[in-house]
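# Commentary on secondary and tertiary structure
The primary structure of each chain is shown beneath.
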Amino acid sequence: MFHKILVANRGEIAVRIIRACRDLGIQTVAIYSKADRDSMHVRLADEAICIGEAPSSESYLNIPSIISAAEIADVEAIHPGYGFLAENAHFAEICESCQIKFIGPKPESVRLAGDKALARETMKKAKVAVIPGSKTVIKDQHEALRVAKKLGYPVIIKAKMGGGGKGMKIAHNDGKLLNAFLTAQAEAEAAFGNRDVYMERYLNEPRHIEVQVLADGYGNVIQLGSRDCSVQRRHQKLIEEAPVPSLSKSLRKKLGEAAVRAAKAFQYENVGTIEFLVDEDDRFYFIEMNTRLQVEHGVTELITGIDLVKEQLRIASGEKLGYNQDGVKFAGAAIECRINAEDPDRDFMPNAGKIEWLSLPGGPNVRVDTHVYPGYVIPPYYDSLLAKVLVHGKDRASAIHIMLRALREMEIRPVKTTISLHERILNRPKFRQGKVSTNFIQSVLVPPGPDQIAMQQAG
Ligand code: MV4
């Protein structure tokens, strides 16, 4: 096992990784930007190195600075967390070339999963269903028309190097296709530096279901059940839960088996997630593989009792999986609510500033993963996630009640947060029935008022 690792991240996930390391007796080195000087992860780590100015490009995305910090602190490995460089194959390669273990998959797996068009072809070979679509990249508008005609409308155009919904464009007919195609190419170029796009038939009202996989360096691959991430706004997940409710036993089994086949096809190592869409007829399709620990990993931990960050560290240090598939037992239901510093009544406008009052929920079956504390000043430079509230109940109905109790206990003043939105969602009959699609959130959100529309129009 490692003696000392560098945590190349910030916020709640940096705290989460430091805690797992401390449990395993591993020394930790935090990196931080000047804006994060007073952050919790800096206080909790054994050592901390300031690596640059507040903007991510000058700090948490600055590969030379991070590698220099790792060399100075003489660490054996780097944990990238999620976001930032967690799925950057180039960074993983640089770590390996500097004899620093990247705590995650091999760079080639990151690269293979990162090319969404190539990933589809890899899945077909592994007999994992993909959504009917183009065999490769769509080279021009004439080909786009041909492929769309063959698929049938509506179609969705996606960036080859995209993910998480960025650069996706939906077209409902030939008239809309050209603009969607050209816009998707332009957005892909701007966001990913690669304009290549591919096309799929668009699934209306799908459920967004993902399966957690765990793979060691000796070919052992297991799956740790499913998570439902359908409650999301503009591809930002708000609520996640495990297991997925209202799934038949056979569909649950088929999803798990498909996820293991997919991980093997990517020659995967470490913790990863296979994302599927499930249509109204319970047919499921692979859409992406995430080669990182996810924000929502905690709900899987709560129903399996497996600490995924510790498993990452064990696998990266060369250990075999501590479990086989039969050894994984599932118990109860878990739900996570993401508490963001955003105002749901003002179109999720982010708000930064000082936390003057903070009361966090607690008690039986409640877990809060957070980096905030009374007096903490929320910086405006990074994502708006303040805390994750996770609960575990004997079943889904109990988990919902425990979550409502926890949210009622929670107060962060004067910051506007998503706490009240979560209470609204959890009280919706459709959510309680346990079968919401990715369109559900629209029915909960407050439509923007005339002043907001005016503000948006004013830009
Ligand atoms: C789709 C889809 C419907 N049809 N693909 C891709 C990125 C992933 N995170 C979500 N993605 C989707 N891909 C096909 N062929 C629906 C989604 C999707 C979604 C799309 C638009 C708006 C919100 C969404 C939320 C979850 C899934």
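Look a little higher up for the structure.
Here is a short report on the structure shown in this document.

When its secondary structure is counted, the chain shows 15 helices and 22 strands. Here the chain has a C-alpha radius of gyration of 22 Å; the compact-globule value for 459 residues is 23 Å, and the two agree. Projected onto its principal axes, the C-alpha positions of the chain cover 60 × 50 × 45 Å. The buried share of the chain, taken over its 459 residues, is 57%. Within the chain, counting contacts between residues at least 6 apart in sequence, those at least 24 apart form 65% of the total.

In the vicinity of the ligand lie 18 residues, with Lys-158, Glu-200, Arg-201, Leu-203 and Glu-288 positioned nearest. In this structure, a nitrogen atom belonging to the ligand sits 3.5 Å away from a side-chain N or O atom of Glu-275. In the complex, 91% of the free accessible area of the ligand, which totals 540 Å², lies under the protein chains. Of all the secondary-structure elements, those providing two or more residues to the shell around the ligand are strand S6 (155–159), strand S8 (197–201), strand S12 (270–278) and strand S13 (284–290). Counting only domains with at least three residues in the shell around the ligand, you end up with domain 2 (132–201) and domain 3 (207–458).

Okay, the sheet that holds S12 next. In a beta sheet, neighbouring strands pair by backbone hydrogen bonds and run either parallel or antiparallel. Overall, antiparallel pairing links the eight strands, which are arranged S13-S12-S9-S10-S11-S14-S21-S19 in an open sheet. Here the strands that pair on one side only, and so sit at the sheet edges, are S13 and strand S19 (366–370). Between one strand and the next, the sheet's axes are offset by a mean angle of 25 degrees, whatever the strand orientation. Sheet topology note: the S19/strand S21 (residues 385–393) ladder contains five bridges and is antiparallel.

This next bit is on the side chain of Gln-212. Within the element layout of this structure, Gln-212 appears in strand S9 (residues 207–215). Within the structure, the side chain of Gln-212 is placed 2.7 Å from the side chain of Arg-227, a separation counted as a polar contact. Leaving out residues up to four positions away in the same chain, Gln-212 has contacts with Ile-222, Gln-223, Leu-224, Gly-225, Arg-227, Val-271, Gly-272, Thr-273, Thr-300 and Leu-308.

Here we take up the packing of aromatic side chains. This structure, assessed with the given rule, holds seven aromatic pairs. Its guanidinium or amino end placed over the ring of Tyr-373, Arg-43 lies 4.2 Å from that ring's centre, counting from NZ or CZ. Note that Arg-396 overlies the ring of Phe-431, its terminal NZ or CZ placed 4.6 Å from the centroid.

Turning our attention to the side chain of Glu-336. Tracing the backbone shows Glu-336 in strand S14 (residues 333–340). No salt bridge forms around the buried Glu-336; measuring N to O, its nearest opposite-charge neighbour Arg-338 is 4.1 Å away. Those residues in contact with Glu-336, other than ones at most four positions away along the chain, are Leu-238, Ile-239, Glu-240, Val-295, Glu-296, Val-299, Lys-388, Val-389, Leu-390 and Met-403.

Ranked by internal contacts, the top residues of the largest apolar core, which has 41 residues, are Val-231, Ile-339 and Ile-425. Only strand S11 (236–242), S14, S19, S21, helix H12 (396–409) and helix H13 (419–427) provide two or more residues apiece to this core. Ile-425 has contacts with Val-231, Ile-239, Phe-431, Phe-440, Ile-441 and Val-444, leaving out every residue within four places of it along the chain. Among the nonpolar cores identified, the runner-up in size contains 30 residues, and Leu-214, Val-271, Ala-316 and Val-328 belong to it.

So, about the pattern of salt bridges. Oppositely charged side chains may form a pair once their charged atoms are brought near each other. According to the stated counting rule, one finds 38 salt bridges in the structure shown. For the salt bridge of Lys-160 with Asp-196, the shortest nitrogen-to-oxygen distance reads 3.2 Å. In this pair, Lys-160 sits in the loop between S6 and strand S7 (169–171) while Asp-196 sits in the loop between helix H8 (174–192) and S8, placing the two residues 36 residues apart along the sequence. Its salt-bridge partner being Asp-279, residue Arg-283 comes within 3.2 Å of it at the nearest N-O pair. Classification of Asp-279 by relative accessible area gives buried; the value is 9%.

The next subject is the packing of helix H7 (residues 141–151) against H8. Packing of H7 against H8 leaves a shortest axis separation of 10 Å and a crossing angle of 130 degrees. By the angle class used here, H7 and H8 are oblique. Regarding H7 and H8, the two cross each other, and that crossing is right-handed. Facing Gln-141, Ala-144, Leu-145, Ala-148 and Lys-149 of H7, the residues of H8 in contact are Asp-174, Leu-177, Leu-178, Phe-181 and Leu-182. Here the contact of H7 with H8 is built from residues that sort into seven nonpolar, one polar and two charged.

This brings us to the state of the cysteines. Taken as a whole, this structure holds zero disulfides when the rule is applied. The thiol of Cys-98 is unpaired, and the distance to the nearest cysteine sulfur, on Cys-95, comes to 7.2 Å. Summary of cysteine pairing: Cys-229 is not part of a disulfide, and the nearest cysteine sulfur, belonging to Cys-337, is at 13 Å. Residue Cys-229 is classed as buried on the basis of its relative accessible area of 0%.

Further remarks concern the pairing of strand S10 (residues 221–233). With respect to burial, S10 is a largely interior element, 13 of its 13 residues being buried. As paired elements, S9 and S10 share six bridges and run antiparallel to each other. Bridging across to S10, Leu-214 finds its partner in Ile-222. Between S9 and S10, which pair antiparallel one after the other, the connecting turn spans five residues, and Gly-219 there sits at a positive phi close to 90 degrees. Where S10 and S11 come together, four bridges link them in antiparallel fashion. When the bridges of S11 are listed, Asp-228 appears paired with Glu-241. As consecutive antiparallel partners, S10 and S11 are separated by two residues, and within that stretch Arg-234 has a phi angle of approximately 50 degrees, a positive value.

Cut-offs and rules
- Residues numbered from 1 in each chain as written.
- Predicted model: local features only at pLDDT ≥ 70, side-chain atom pairs only at ≥ 80, totals over all residues.
- Heavy atoms only, no water.
- Helix = DSSP H or I, 4+ residues; strand = E, 2+ residues; numbered from the N terminus.
- Rg over C-alpha atoms; globule rule 2.2 N^0.38 Å.
- Buried < 20%, exposed > 50% of the residue type's maximum accessible area, 1.4 Å probe, protein only.
- Contact = heavy atoms within 4.5 Å.
- Near = heavy atom within 4 Å.
- Polar contact = N/O pair within 3.5 Å; in protein donor to acceptor, adjacent residues only side chain to side chain.
- Areas by Shrake-Rupley, 256 points an atom, 1.4 Å probe, with all protein chains shown as cover.
- Domains from an automatic or database assignment.
- Pairing = 2+ DSSP bridges.
- Axes fitted to C-alpha atoms, helices over the stretch in contact; angles between N-to-C directions.
- Phe/Tyr/Trp six-rings, centres within 6.5 Å; stacked < 30°, edge-to-face > 60°.
- Lys NZ or Arg CZ within 6 Å of the ring centre and 35° of its normal.
- Lys, Arg positive; Asp, Glu negative; His and termini not counted.
- Salt bridge = Lys/Arg side-chain N within 4 Å of Asp/Glu carboxyl O.
- Core = buried A, V, L, I, M, F, W, Y, C linked by side-chain atoms within 4.5 Å.
- Parallel < 35°, antiparallel > 145°, perpendicular 65-115°, else oblique.
- Left-handed = near helix turned anticlockwise from the far one by under 90°.
- Nonpolar A, V, L, I, M, F, W, Y, C, P; charged D, E, K, R; others polar.
- Disulfide = S-S within 2.5 Å.

Treat this as a map of the structure, not an account of what it does.
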